[in-house]
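Chain by chain, the residues:
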Amino acid sequence: MGAVARLLLASGGIPDLADLAAARGRNAVLIPTAANELAEPRIADEVEAELGAGGFCVRRLDLDRSRPAEAHALTTHADVVAVSGGDPFHLLAASRRARFGETLRGALRAGAVYIGYSAGATLVAPTLTPLVMTSPFSPPRGMDLSGLGLVDVLVLAHDDRPGRRERHEAAARLFGSRLALVALADGEVLIHDHGAYRPGGDGARRGRAPRRPDP
């Protein structure tokens, strides 16, 4: 999977989205589930607007309200699968109930591009455990924090927001020897393509590689 899948992992906002995605077509599925309990519809709305500005035709798929068969049917023929931000632990639980990991793997094998924003960027990591230290949200007690494992890094989003960099560096001290952590500011993108990583968005414009927090 890692050698063939194309994934864009972002903190918030992706400049030149359509060019970076390099998708085969314009059909996009947007999963807004991470923000369902936050009463902040703008989180998903902003991603939908960004996809629309990039020329994509967007349909929404809420994993909280979809059965696995429905998620599979809508995602299978998508050119882009985008997952917006919010509570990463709520998103992880919903993805398990909807068996989204299996569905997403099938879509990527068929040539879809994954675009994850904030919580959506963390979902595909091997584990979300360091987010217990860095996220404003908390998982339920005893929750298995294994991610979908589509990439071998965990994105730490919003590195440019007050207090986040210090938390990211604390997480790196505890987990950095066991897991690759990549801190992204809003506007920066980590692109996974054919097993390789490279920066995109604002970071690439400034010649700045995605930041690995100091342990």
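Residues numbered from 1 in each chain as written. Predicted model: local features only at pLDDT ≥ 70, side-chain atom pairs only at ≥ 80, totals over all residues. Heavy atoms only, no water.

Along helix H5 (residues 100–109), the positions that sit buried rather than exposed are Phe100, Gly101, Thr103, Leu104, Ala107 and Leu108. Down the axis, H5 shows its buried residues gathered within 160 degrees of arc, on one side only. Exposed and oriented more than 90 degrees from the buried face of H5 are Glu102 and Arg109. Tucked into the core, H5 has its buried residues touching strand S1 (6–10), strand S2 (27–31), helix H3 (68–75), strand S4 (80–83), helix H4 (88–97) and strand S5 (113–117). One or two steps after H5, the chain reaches Gly111, where phi turns positive at roughly 110 degrees. (Buried < 20%, exposed > 50% of the residue type's maximum accessible area, 1.4 Å probe, protein only. Helix = DSSP H or I, 4+ residues; strand = E, 2+ residues; numbered from the N terminus. Arc of directions from axis to C-beta. Contact = heavy atoms within 4.5 Å.)

Before going further, it helps to spend a moment on the pairing of S1. When you tally the buried positions in S1, you get five out of five residues, the bulk of the element. Where burial is concerned, the two faces of S1 agree: the one with Arg6, Leu8 and Ala10 and the one with Leu7 and Leu9 are both buried. Alignment of S1 against S5, held across five bridges, turns out to be parallel. Across the sheet, Arg6 pairs through a bridge with Val113, a residue of S5. Across five bridges, S1 lies against strand S8 (residues 188–193) in antiparallel orientation. Looking at the pairing, Arg6 lines up with Asp193 of S8. (Pairing = 2+ DSSP bridges.)

Turning our attention to the nonpolar core. Formed by 49 residues in total, the largest nonpolar core has its most connected members in Leu9, Phe100, Leu104 and Tyr114. Those residues in contact with Leu104 that lie beyond four places of it in its chain are Val81, Tyr114, Val124, Leu148 and Leu150. By size, the runner-up hydrophobic cluster in this structure holds 19 residues, among which are Val80, Ala82, Ile115 and Ile191. (Core = buried A, V, L, I, M, F, W, Y, C linked by side-chain atoms within 4.5 Å.)

Take the layout of surface pockets next. Empty space within the largest pocket amounts to approximately 560 Å³. Together, 30 residues line the largest pocket, and Ser11, Gly85, Ser118, His158 and Arg161 are the ones closest to its centre. Broken down by secondary-structure element, the contributors of at least two residues to the lining of the largest pocket are helix H2 (42–53), helix H6 (119–122), helix H7 (131–134), strand S6 (153–156) and helix H8 (164–175). For the lining of the largest pocket, the element with the most residues is H2, which contributes five residues. Its residues assigned to classes, the lining of the largest pocket comprises 12 nonpolar, 11 polar and seven charged. (1 Å grid on protein atoms, 1.4 Å probe; cavity = no way out; pocket = protein on both sides within 12 Å on 5 of 7 lines; lining within 4 Å. Points joined across faces, edges and corners; volume = space filled by probe spheres on them. Nonpolar A, V, L, I, M, F, W, Y, C, P; charged D, E, K, R; others polar.)

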